[in-house]
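# Coordinate inspection notes
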Amino acid sequence: MSGHDHRLTEDEAAAMFEPPSWDERYSGPETVFSGNPNAQLVAEVTGLTPGTALDVGCGEGGDVIWLAEQGWTVTGADFSANGLARAARHAEQAGVAGRIDWWQVDARAFVADGRTYDLVTSHFLHLPDGGMVDLTRRLAEAVAPGGHLLVVGHAPSEVFTRLTESHRKAMFLAEELLPGLPNDFEVLAAEQRPRTMIRDGVTVDVHDSTLFARRTS
């Protein structure tokens, strides 16, 4: 989800959940995001022993590159071919391409299929129609025993004034994802964390819905 210069129609909002919209967004010469790692990733992963990691919805690769710089072996997954190509260029520029694999996959079709990772993370990936609970379940299946799951998204907020009803419904509270966690997960955090961000040149207060859990067996 992103800011636009006008209030979105429902058709425009629906298109933003599809790969062509993001391919177009990533086709220009300018980066879409800051390239900095997301705040909750840094907060939770700093101090963990690096291992293997999967970032679903990796976009331009900011979180993937940061993880690789911390010593993780990372797979960056996204449904946008242009986004992955841009992320790969950024990884080359950062000198960490050798620690990263790229995987083009739609989160709505993602299945672990036997793959497991010490860390599985997803930031600001919002699925329509309550799809985040099911995605949380499928992401959890990719977490190795003793590994961690981190899912972060936008909490519902009046700050996002230009969004349609479908985009508002795609936002979530961390506790709403708990039904997607298997029984062998210990919840370490399920809360909305305050953060400031720049939107249309203005500093606004938002909350990051943050679910952090560890697989115990």
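Since the model is a prediction, treat every value here as computed from it, not as a measurement.

### Here we look at the overall build of the protein chain
Regarding its fold elements, the protein chain presents seven helices and seven strands. Secondary structure elements of the protein chain occur, N-terminal to C-terminal, as α-α-α-β-α-β-α-β-β-α-β-α-β-β. Long-range pairs, those at least 24 residues apart, make up 68% of the contacts in the protein chain with a sequence separation of at least 6.

### Quick notes on the pattern of salt bridges
A side chain of one charge can pair with a side chain of the opposite charge if their charged atoms are brought near each other. Overall, the coordinates contain 10 salt bridges when judged by the stated rule. Put simply, R215 and D184 hold a salt bridge, and the shortest N to O gap is 3.0 Å. Highlighted residues: R215 in strand β7 (residues 202–215) and D184 in the loop between α7 (165–170) and β6 (185–199), separated in sequence by 31 residues. By relative accessible area, D184 is classed as buried at 18%. Residues R195 and D208 are paired through a salt bridge, measuring 2.7 Å at the closest nitrogen-oxygen approach. Of the two residues, R195 sits in strand β6 while D208 sits in strand β7, which places them 13 residues apart along the sequence. A relative accessible area of 23% means that R195 is categorised as partly exposed. Several salt bridges share partner residues, and in doing so they unite D134, R137, R138 and E141 into one network.

### Some remarks on the nonpolar core
Formed by 26 residues in total, the largest nonpolar core has its most connected members in L54, V120, L139 and L149. A total of four residues in this core trace back to one element, the largest contributor, which is helix α6 (residues 131–140). The next biggest cluster of nonpolar side chains, apart from the first, holds 20 residues, and it includes C58, L67, W72 and V96.

### Digging into the pairing of strand β1 (residues 52–56)
For β1, a buried count of four out of five residues is recorded, marking the element as mostly surrounded by other parts of the structure. Of the strand pairs in this sheet, β1 and strand β2 (residues 73–78) are connected by five bridges, and their pairing is parallel. Bridging from a neighbouring strand, D55 pairs with G76 of β2. Between the parallel elements β1 and β2, the chain passes through helix α4 (residues 62–69) in a crossover that is right-handed.

### Focus on unusual backbone geometry
Within the chain, D113 stands out as a residue other than glycine whose phi angle is a positive 50°. Assignment of secondary structure puts D113 in the loop between β3 (100–104) and β4 (117–123). Within the chain, F124 stands out as a residue other than glycine whose phi angle is a positive 60°. Of note, F124 is situated in the loop between β4 and α6.

### Section: the side chain of E44
Examined against the element boundaries, E44 turns out to sit in helix α3 (residues 39–45). Residue classification places E44 among the buried residues on the basis of a relative accessible area of 15%. In this structure E44 touches L150, R193 and F212, once residues within four positions along its chain are discounted.

### Section: the pairing of β7
Look at any regular strand and the pattern is simple: side chains alternate between the two faces of the sheet. Sheet topology note: the strand β5 (residues 143–154)/β7 ladder contains seven bridges and is antiparallel. When the sheet's bridge partners are listed, H154 is paired in β7 with D208. Inspection of the sheet shows β6 paired to β7 by 14 bridges, in the antiparallel sense. Within the sheet, the bridge partner assigned to I198 lies in β7 and is T203.

Scoring rules and cut-offs
- Residues numbered from 1 in each chain as written.
- Predicted model: local features only at pLDDT ≥ 70, side-chain atom pairs only at ≥ 80, totals over all residues.
- Heavy atoms only, no water.
- Helix = DSSP H or I, 4+ residues; strand = E, 2+ residues; numbered from the N terminus.
- Contact = heavy atoms within 4.5 Å.
- Salt bridge = Lys/Arg side-chain N within 4 Å of Asp/Glu carboxyl O.
- Buried < 20%, exposed > 50% of the residue type's maximum accessible area, 1.4 Å probe, protein only.
- Core = buried A, V, L, I, M, F, W, Y, C linked by side-chain atoms within 4.5 Å.
- Pairing = 2+ DSSP bridges.
- Right-handed = clockwise from strand over helix to strand, strands pointing away.

All we've got here are geometric facts, nothing functional implied.
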